[in-house]
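Structural overview
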Amino acid sequence: MSTALIILAAGKGTRMESDLPKVLHKIAHAPMLWHAMRAGLSLEPARCVVVAGHEAAQVTASAETYLPLAETVLQEEQLGTGHAVAQAAAALDGFEGDAFVLYGDTPFLTEETLQAMKAARSQADVVVLGFEAADPGRYGRLVTDGDALERIVEFKDASEAERAVTLCNSGVVAADSKTLFDLIAEVKNDNAAGEYYLTDIVGLARARGLSARVVRCDESETLGINSRAELAGAEAAFQARARANLMEDGVTLLAPETVFLAWDSFVGRDTVIEPNVVFGPEVTVESGATIRAFSHLEGCHVSRDAVVGPYARLRPGAELAEGVKIGNFVEVKNAQIDTGAKVNHLTYIGDAEIGARSNIGAGTITCNYDGVFKHRTVIGQDAFVGSNTMLVAPVTLGNGAMTASGSVITQDVPEDALALARAPQQVKPGFAAKLFKMLKAKKAKQAKAKGA
Ligand code: UD1
Ligand code: MG
C-alpha cells in the first residue's frame, strides 16, 4: 500500500527569535525539516506534502532541495495543527493509501517507530504515536483503555484527572488518507486555544465507530525544538547518537565527546578518529583510515588506509585515494590525490590533480586563483615538488618531474625534468661579520647619545 507524508512546517517558531523559519535551523548541518523528511522516507512514501506558512518560499526551496518529489502547500494563517493538515487535502485528493502526519520540528523519529505505526495500522483505523513523558508539561494527553485510544485532550482543555496522565501525544498520526481528511473536515475550533486541533480526530473517529490505538516510543524520539537552547540540546542528542552508532559500526573514537559528525557522515569500520575532529556535510571515509586530531572535513572522500591530519582541512571536492597522507596544516580543496601520494606539511592544494606516489614538499601552494578565474594544477605520478614551490596554475608537471625548493613554477614541466625557478644564490665572504660590526657600533652610539 502506498504512503503519503504530510509534514507540518508552517509555524513561526517565535521562541527561536530568528528571521529564519524554525524548521530551517540546522542540526548536524541539515535543516531539522530534512531530518523529519528523512525519517518519513523510511516509509518509502509515494508523496510528500510539506505544509508551509511562515517564510513559505524558503521552506519550499529547502524541502525541494532535499527531495525533488516534495510538494508544498500553503497554510496562510496558522489556525492549528488540524487546519494545517486540512491544507494538504486538495493535494492528496484521490490518493489511495495511508497518510502519516509528521512535524517539521521533530527531527528524531526512528525508522523502527514509523514501521511499528505502519504495522499497527492493520489493527486500527487511526494510529497515534505516544510516549511516557518524564515531565508531561503542556503536551496533549492520551486517554486510553488498554492499547485502545479513546481521545486526546490538549493540556489547556484537560481536567485535573486528565492532566495526571503521563502518556503524551507526540503529534505523529497515521490513518487512511481519505479517512483522515474526512475526520479533519469535522474538526472545530471550540476549545481553549480557539484552534483546529489535529488531535480531535481521535474522538471523532471513535464516535463514528472507528478504532484508534497508541504506538509508544521513547521520549527522546519525539523531542521537539522551540528555542535556541532546545536546538543546542537537540544537537547534543544527535551527536551522542551518531557517535554511538559509529562505534557500534566498528569505528574507534578516542574521545567520542569531542568528535562532531554531520547528519550524513559515513565512516567505514576500523577507521580511527582522534580527538577534536569536525565533520561538515557530505563526508565519506572508507575503512581503516586514520583521521588525526583537530582535523576539519567537509564534502570530501577519504579512501582506505589514508591518514589525515593532525590539523588538516579537507574542503569540498577533496578526494583522497588509498593510502594518501595529508599532514599538519594542509588544506585540500577540489583536488584528486591518487594512491599513496603525500602532502605532509603546511600546504594548499586547490583545483588540482596529484598522481600516485607523488610527494609534495612543505609549504607548497597551488596558486589557483587569479582574482577572477580558478585554474587547475596537474601533477603526474612519482613527481617530487620541492618545499615552498609556488605552482602558478594553469600548470602541469609530468610523471617523475621535480621542482627545486622555492621555485615559482609558471610553465609546464615535462616528464622526468627538473624545474629550477628561483633567484641564483650569491655568497659574499666575510660580509656578514662586517655588517654585524657596523650595526653593533651604530647601536652603541645611539645608547651613548641617550645616556648623555
Ligand atoms: C501539538 C499537539 C499536542 C502534542 C504536541 C507534541 C495539537 C493540537 N497538539 O501541540 O497534543 O503533545 O504537539 O509536540 O496538535 N503547525 C502548523 N500550522 C499550525 C499549527 C502548527 O504547521 O497552524 C505545525 C508547527 O509548525 C509544528 C507542529 O505543527 O511543527 C506542531 O505545532 P505546535 O504549535 O508546536 O503544537 P503544540 O501546541 O506543541
Ligand atoms: Mg510544539
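1. A look at the site of ligand 1
Taken together, 19 residues sit near ligand 1, with Gln-75, Gly-80, Thr-81, Glu-154 and Asn-169 positioned nearest. A distance of 2.9 Å separates an oxygen atom of ligand 1 from a polar backbone atom of Gly-11. Within the contact set of ligand 1, an oxygen atom lies 2.7 Å away from a backbone nitrogen or oxygen of Asn-169. Relative to its free-state accessible area of 750 Å², ligand 1 is covered by the protein chains to the extent of 80%. Its residues assigned to classes, the shell around ligand 1 comprises eight nonpolar, nine polar and two charged.

2. Regarding the domain arrangement of the protein
Interfaces are often sized by the amount of accessible area the parts lose when they come together. Examined at the domain level, the protein breaks down into domain 1 (3-222) and domain 2 (228-419). For domain 1 and domain 2, the distance between their C-alpha centres works out to 43 Å. A combined buried area of about 1,300 Å² lies between domain 1 and domain 2, and 62% of that area is made up of carbon and sulfur atoms. For domain 1, the biggest contributors to the area lost against domain 2 are Ala-28, His-29 and Phe-108; these three give 40% of the whole. The tally of links from domain 1 across to domain 2 stands at zero salt bridges.

3. Things to note about the pairing of strand E23 (residues 325-337)
Within a regular beta strand, the side chains point alternately toward one face of the sheet and then the other, so they alternate between its two faces. Both strand E20 (residues 307-308) and E23 contribute to a ladder of two bridges, which runs parallel. Within E23, the residue paired with Val-308 across the bridge is Ile-326. Where strand E21 (residues 312-314) and E23 come together, three bridges link them in parallel fashion. Looking at the pairing, Ala-312 lines up with Val-330 of E23. Bridge count between strand E22 (residues 318-320) and E23: three bridges; the pairing is parallel. Bridging across to E23, Leu-320 finds its partner in Ile-337. Both E23 and strand E24 (residues 342-354) contribute to a ladder of 10 bridges, which runs parallel. From the neighbouring strand, Ile-337 faces E24, where its bridge partner is Ile-354.

About the criteria used
- Residues numbered from 1 in each chain as written.
- Chains lettered and ligands numbered in written order.
- Predicted model: local features only at pLDDT ≥ 70, side-chain atom pairs only at ≥ 80, totals over all residues.
- Heavy atoms only, no water.
- Near = heavy atom within 4 Å.
- Polar contact = N/O pair within 3.5 Å; in protein donor to acceptor, adjacent residues only side chain to side chain.
- Areas by Shrake-Rupley, 256 points an atom, 1.4 Å probe, with all protein chains shown as cover.
- Nonpolar A, V, L, I, M, F, W, Y, C, P; charged D, E, K, R; others polar.
- Domains from an automatic or database assignment.
- Buried area = accessible area lost by both parts, 1.4 Å probe.
- Salt bridge = Lys/Arg side-chain N within 4 Å of Asp/Glu carboxyl O.
- Pairing = 2+ DSSP bridges.
- Helix = DSSP H or I, 4+ residues; strand = E, 2+ residues; numbered from the N terminus.

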